[in-house]
Amino acid sequence: GVLHAALRTFNSVERCRAEQIVVSSQFEVENYKKNYHYKDSDLITTGMARYDHINRETSAKRQILYAPSWRKYLTYSPKASNWQLQTDKLVKSDYFNGILAFLNNEKLSDYLEKNDLELHVKLHPIIAEQGSELVSVSCDRIKILNCDVKVKVEEYCAFITDFSSYVFDYACLNRPIMYYVTDYEQFKSGMNHYKELDLPFDKAFGPLFVKDDDVIKYLNCISERKFEPEDLYYQRMKDFFLPLDNCAEKLYQYII
């Protein structure tokens, strides 16, 4: 995915063992050079091959995807990079209870029913493995996706996240995006393993919300727009990527 979380110690050229990095946008070029101290020659500007597998001609179904990321402060690591969820902390957290409040908000159920929509929830694997069974919803239009379900991003008409890298797939598709951070105070304080984004919320592809009612109001707005993004965000999406045609072939030719 596109690097947009500020992990400058972890991913800097002095620390990272990657000799070269494939990038898909001019934003990444400038970000890697300015904040991570790479040179132009370290960056391969073919676009990531994964973008060949997103069909931008596919019409969306009447489905919205909600994919919150994970939280380091709700896990422990018995060995390097092996993150295990602490469910006792999870169920008490603003992060988790904000998700539950949103999914069980009657206004959300009414919105989905009125507009003949489904909301699919894709929890991060670190959360989903133990936490998905704790997520209870009463609305049959809300589906908690199994951990091993591969999401077909083209099938969704809108996307809700906090800071998942899925967001760039929806920018590529020019679909409406909104950011909902249930634990914004904890995020800003640095309780997660990063506390800011290299692509800040105010320069990103949709509005930021910290209350579930505000997310639902915005969902109503984008329904009225027939799931077309606002002009400001559409322009940011349209101008973000390098040409994403035949990325795999261009990368292959670069390698050989």
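Coordinates for the structure precede this section.
Residues numbered from 1 in each chain as written. Predicted model: local features only at pLDDT ≥ 70, side-chain atom pairs only at ≥ 80, totals over all residues. Heavy atoms only, no water.

Peer 1: What am I meant to see in the sheet that holds strand β6 (residues 118-121) here?
Peer 2: Through backbone hydrogen bonds, the strands of a sheet pair up, either in parallel or in antiparallel fashion. Strand order in the open sheet made by the six strands is β7-β6-β3-β8-β9-β10, with parallel pairing throughout. The open sheet has two free edges, formed respectively by β7 (142-144) and β10 (208-209), since each of these has just one partner strand. Bridge count between strand β3 (residues 63-67) and β6: four bridges; the pairing is parallel. Of the residues in β6, the one forming a bridge with Ile64 is Leu119. Packed on one face of the sheet, helix α9 (residues 212-224) meets β3, β8 (158-161), β9 (177-180) and β10 and runs near 175 degrees to β9. (Pairing = 2+ DSSP bridges. Helix = DSSP H or I, 4+ residues; strand = E, 2+ residues; numbered from the N terminus. Contact = heavy atoms within 4.5 Å. Axes fitted to C-alpha atoms, helices over the stretch in contact; angles between N-to-C directions.)

Peer 1: Even after reading the chapter, I still don't get the packing of aromatic side chains, so can you show me in this structure?
Peer 2: Each aromatic ring pair is summarised here by two numbers: the centre-to-centre distance and the angle between the ring planes. One pass over the full model with this rule turns up 21 aromatic pairs. Ring centres 5.6 Å apart and planes at 50 degrees place the aromatic pair Phe209 and Tyr218 in the tilted group. Tyr218 shares its class with Phe209; the two are buried. Among the aromatic residues, those joined into a ring-pair cluster are Phe27, Tyr51, Phe168, Phe205, Phe240 and Phe241. Directly above the aromatic system of Tyr51 lies the positively charged group of Arg50, at a separation of 5.5 Å from the ring centroid. (Phe/Tyr/Trp six-rings, centres within 6.5 Å; stacked < 30°, edge-to-face > 60°. Buried < 20%, exposed > 50% of the residue type's maximum accessible area, 1.4 Å probe, protein only. Lys NZ or Arg CZ within 6 Å of the ring centre and 35° of its normal.)

Peer 1: How should the environment of Met48 be read in this particular structure?
Peer 2: Within the element layout of this structure, Met48 appears in the loop between β2 (43-44) and β3. Along the chain, Met48 and Ala158 lie 110 residues apart, while their C-alpha atoms are 23 Å from each other. For Met48, the contacting residues outside a window of four places in its chain are Gly1, Val2, Val22, Val23, Ser24 and Cys247.

Peer 1: Hey, could you run me through helix α5 (residues 106-114) in this one?
Peer 2: Spacing of three or four residues puts side chains on the same side of an α-helix, whose turn is 3.6 residues. Listing the buried residues of α5 in full gives Leu108, Ser109, Tyr111 and Leu112. Viewed end-on, α5 has its buried residues packed into an arc of 160 degrees, placing them on one side of the element. Residues of α5 that are exposed and angled more than 90 degrees away from the buried face: Glu106, Asp110, Glu113 and Lys114. Where α5 is buried, its residues touch β3, α4 (94-103), β6, β7 and α9. (Arc of directions from axis to C-beta.)

Peer 1: Honestly, unusual backbone geometry in this entry has me stumped. Any pointers?
Peer 2: A negative phi angle characterises most non-glycine residues, just as the trans form characterises most peptide bonds. Phi is positive for Lys226, close to 60 degrees, though the residue is something other than glycine. Looking at the element boundaries, Lys226 is found in the loop between α9 and α10 (231-238). A positive phi angle is found at Asn246, which is not glycine, with a value near 55 degrees. Mapped onto the secondary structure, Asn246 falls in the loop between α10 and α11 (247-255).

Peer 1: It is not clear to me how the nonpolar core should be interpreted in this structure. Could you clarify?
Peer 2: Across soluble globular proteins, you tend to see nonpolar side chains buried next to one another. The biggest cluster of nonpolar side chains holds 75 residues, and the ones touching the most others in it are Ile64, Phe102, Leu119, Ile160 and Phe205. Beyond its immediate stretch of four places on either side in the chain, Leu119 contacts Ile64, Tyr66, Phe102, Leu103, Leu108, Leu112, Arg141, Ile142, Lys143 and Ile160. (Core = buried A, V, L, I, M, F, W, Y, C linked by side-chain atoms within 4.5 Å.)

Peer 1: Explain the side chain of Asp42 here, please?
Peer 2: Along the chain, Asp42 falls in the loop between α2 (26-35) and β2. There is no salt bridge for the buried Asp42, and the closest opposite charge comes from Lys39, which lies 4.1 Å off by N-O distance. (Lys, Arg positive; Asp, Glu negative; His and termini not counted. Salt bridge = Lys/Arg side-chain N within 4 Å of Asp/Glu carboxyl O.)

Peer 1: Teacher, can you tell me more about the pattern of salt bridges here?
Peer 2: If the charged atoms of two oppositely charged side chains come close together, the side chains can form a pair. As enumerated under the stated definition, the model contains 11 salt bridges in all. A salt bridge links Lys107 to Asp213; the shortest N-O distance between them is 3.4 Å. Taken together, the residues Lys107 in helix α5 and Asp213 in helix α9 connect sequence positions 106 residues apart. Salt-bridge contacts for Arg141 lead to Asp116; the nearest nitrogen and oxygen are separated by 3.3 Å. Here Asp116 lies in the loop between α5 and β6 and Arg141 lies in the loop between α6 (125-131) and β7, a separation of 25 residues in the sequence. Here Arg141 falls in the buried class, since its relative accessible area comes to 16%. One network of salt bridges, with partners in common, ties together Arg71, Asp162 and Asp183.

Peer 1: Sorry, what's going on with the pairing of β9 here?
Peer 2: Burial along β9 is two-sided: Ile177 and Tyr179 and Met178 and Tyr180, pointing in opposite directions, are all buried. Across three bridges, the pairing between β8 and β9 is parallel. Of the residues in β9, the one forming a bridge with Ile160 is Met178. For the segment spanning β8, helix α7 (residues 166-173) and β9, crossover handedness is right-handed. Direction of pairing for β9 relative to β10: parallel, over a ladder of two bridges. Each bridged residue has a counterpart across the sheet, and for Tyr179 the counterpart in β10 is Leu208. On the question of chirality, the crossover connecting β9 to the parallel β10 by way of helix α8 (residues 184-189) is right-handed. (Right-handed = clockwise from strand over helix to strand, strands pointing away.)

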